[in-house]
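Listed below, chain by chain, are the residues.
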Amino acid sequence: QVQLVESGGGLVQTGGSLRLSCAASGGIFRINAMAWYRQGPGKQRELVARAPRGGSTNYADSVKGRFTISRDNAKNTVSLQMNVLKPEDTAVYYCNANIVRFGVPDSYWGRGTQVTVSS
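In this text the structure is predicted, and so the values were computed from the model without any measurement. Going along each chain's sequence as written, the residues are numbered from 1 onward. With pLDDT at 70 or above as the cut-off, local features in this predicted model cover only qualifying residues; side-chain atom pairs require 80 or more to be listed or tallied, and sums for whole chains, interfaces and linings still use all residues. With hydrogens and water stripped out, all remaining heavy atoms of the structure feed into the side-chain values.

Asker: Just checking my understanding: could you explain the environment of Phe67 for this structure?
Answerer: Tracing the backbone shows Phe67 in strand β7 (residues 67–72). Phe67 sits 36 residues away from Gly103 along the chain, and the two C-alpha atoms are 33 Å apart. Those residues in contact with Phe67 that lie beyond four places of it in its chain are Arg38, Val48, Tyr59, Leu80, Gln81, Met82, Asn83, Leu85, Asp89 and Tyr93. The numbering of helices and of strands both runs from the N terminus, where a helix is a DSSP run of H or I of at least 4 residues and a strand a run of E of at least 2. The contact rule is simple, with two residues in contact once any of their heavy atoms fall within 4.5 Å.

Right, dumping it as structure tokens:
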């Protein structure tokens, strides 16, 4: 019953900012890596940013210097601060987490939140 729920998507003008959040729930579990993916219309899903429980974060080249991923392990949340948004950032953004539950590792996905950047 693990659930990931995204929030914070919306419509913003070019150059604007949005902050996405994702909360994991559904019992006792351990979250290892958390990440944000996105999928634009007619495009493949791509990794935007990834944050291991411990270690360095990494970003897609297209968002480096503009997006920042952060997480709060105590709250089981991850966020994505998106600045200087461009029309190319328009996509459905998905939260992903690698979770160990009852000793079983698996990958979980949120339903996604729409981000639209107007020009």
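Asker: How should the packing of aromatic side chains be read in this particular structure?
Answerer: The geometry of two aromatic rings is summed up by the distance between their centres and the angle between their planes. Aromatic rings from Phe, Tyr and Trp, taking only the six-membered ring of Trp, are treated as a pair when their centres fall within 6.5 Å; an angle between ring planes under 30 degrees marks them as stacked, one over 60 as edge-to-face, and anything in between as tilted. Within the structure shown, the criterion is met by one aromatic pair. If you follow Arg45 out to its NZ or CZ, it ends over the ring of Tyr94, 4.3 Å from the centre. Its end group placed over the ring of Trp109, Arg45 keeps NZ or CZ at 4.4 Å from the ring centre. Whether a charge lies above a ring is judged from NZ of Lys or CZ of Arg, which has to be within 6 Å of the ring centre and within 35 degrees of the ring normal.

Asker: What is the right way to look at the pairing of strand β3 (residues 18–25) in this model?
Answerer: Walk down a regular strand and you will see the side chains alternate between the two sheet faces. The buried label applies to any residue whose accessible area, calculated with a 1.4 Å probe on protein chains only, is under 20% of its type's maximum; exposed applies above 50%, and partly exposed to all values in between. Burial along β3 is one-sided: Leu18, Leu20, Cys22 and Ala24 are buried, while Arg19, Ser21, Ala23 and Ser25, pointing the other way, are not. Bridge analysis of strand β1 (residues 3–7) against β3 gives five bridges, and the strand direction is antiparallel. Considered in β3, the bridge of Gln3 is made with Ser25. As paired elements, β3 and strand β8 (residues 77–82) share six bridges and run antiparallel to each other. Bridging from a neighbouring strand, Leu20 pairs with Leu80 of β8. Two strands are counted as paired when DSSP detects at least two bridges linking them.

Asker: Would you explain the state of the cysteines in this entry?
Answerer: Simply put, disulfide is the name for a covalent bond between the sulfur atoms of two cysteines. Two cysteine sulfurs form what is called a disulfide whenever their separation falls within 2.5 Å. For the structure shown, the criterion picks out one disulfide. Note on cysteine connectivity: Cys22 is disulfide-linked to Cys95, with sulfurs 2.1 Å apart. Handedness here is read from the sign of the S-S torsion; for Cys22 and Cys95, about -80 degrees, the answer is left-handed. Here Cys22 is found in strand β3, whereas its partner Cys95 is found in strand β9 (residues 91–101), with 73 residues between them in sequence. Comparing Cys22 with Cys95, the two get one shared label, buried.

Asker: What should I look at first to understand the side chain of Thr113 in this one?
Answerer: The topology assignment puts Thr113 in strand β11 (residues 113–118). Here a polar contact means two N or O atoms within 3.5 Å. Within protein one must be a hydrogen donor candidate and the other an acceptor candidate, and residues neighboring in sequence count only if both atoms are side-chain atoms. Side-chain polar atoms of Thr113 contact the backbone nitrogen of Gly9, separated by 3.3 Å. When neighbours within four sequence positions are excluded, Thr113 is seen to be in contact with Glu6, Gly9, Leu20, Ala91, Val92 and Tyr93.

Asker: I keep staring at the pattern of salt bridges and nothing clicks. Help me out?
Answerer: Side-chain pairs of opposite charge can arise whenever the charged atoms involved come near each other. What makes a salt bridge here is a side-chain nitrogen of Lys or Arg within 4 Å of a carboxyl oxygen of Asp or Glu, nothing more. By the definition in use, this model includes four salt bridges. As a salt-bridge pair, Asp61 and Lys64 come within 3.0 Å of each other at their nearest N and O atoms. Judged by relative accessible area, which is 63%, Asp61 ranks as exposed. The partner of Asp89 in a salt bridge is Arg66, with the nearest N and O atoms 2.8 Å apart. One end of the pair, Asp89, is in the loop between β8 and β9; the other, Arg66, is in the loop between β6 (58–59) and β7, and 23 residues separate them in sequence. The class of Asp89 is buried, set by a relative accessible area of 1%. Accessibility expressed as a relative area gives 9% for Arg66, which makes it buried. Several salt bridges share partner residues, and in doing so they unite Arg38, Glu46, Arg66 and Asp89 into one network.

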